[in-house]
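Here's the letter readout for the chains.
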Amino acid sequence: MTEQLSKTEAAAAGDKPQKRLTPAAERALAEAEARRRTYRQAEAQLPKEVGGRGGKEPGRYGDWEVKGLASDF
């Protein structure tokens with residue numbers, strides 16, 4: 001009787017090395033991370049809302065977003 005590999009083990013055995021990113025792609029990822037960091041710092045400076053509706057600031061896209069559902073205000 002032969003022993004068969006599970007799907008996970010078979011997939012891991014057949015993995016190829018990942019492709020290297022181009023300098024432009026690495027630069028774009030670094031810029032995106034810098035924008036996220038700046039946004040999070042600015043968001044942390046905003047006063048906390050008490051008794052609010054929850055979700056992100058409605059002014060971002062002009063609508064409220066709660067649990068993935070959006071409604072105009």
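Residues numbered from 1 in each chain as written. Predicted model: local features only at pLDDT ≥ 70, side-chain atom pairs only at ≥ 80, totals over all residues. Heavy atoms only, no water.

J.: Would you take a moment to explain the overall build of the protein chain for this structure?
T.: For the protein chain, the helix and strand inventory stands at 2 helices and 2 strands. Going from the N terminus to the C terminus, the protein chain shows its helices and strands as α-α-β-β. Relative to its 73 residues, the protein chain shows a buried fraction of 4%. With the model as given, the accessible surface of the protein chain reaches about 7,300 Å², and the carbon-plus-sulfur share is 55%. (Helix = DSSP H or I, 4+ residues; strand = E, 2+ residues; numbered from the N terminus. Buried < 20%, exposed > 50% of the residue type's maximum accessible area, 1.4 Å probe, protein only. Areas by Shrake-Rupley, 256 points an atom, 1.4 Å probe, with all protein chains shown as cover.)

J.: Is there a simple way to explain the pattern of salt bridges in this structure?
T.: For side chains bearing opposite charge, pairing can occur when the charged atoms are close. Across all of its chains, the model carries 1 salt bridge by this definition. A salt bridge links Arg-36 to Glu-33; the shortest N-O distance between them is 2.8 Å. Highlighted residues: Arg-36 and Glu-33, both in helix α2 (residues 23-45), separated by 3 residues, approximately one helical turn. Arg-36 sits in the partly exposed class, given a relative accessible area of 39%. (Salt bridge = Lys/Arg side-chain N within 4 Å of Asp/Glu carboxyl O.)

J.: Explanation requested: the confidence of the model for the protein chain in the structure shown.
T.: Note that predicted coordinates carrying low pLDDT should not be read in detail. Averaged over every residue, the pLDDT of the protein chain is 75; residues scoring 70 or more account for 51%. Between the elements of the protein chain, mean pLDDT differs from a low of 60, seen in helix α1 (residues 7-13), to a high of 94, seen in α2. (pLDDT = per-residue confidence, 0-100.)

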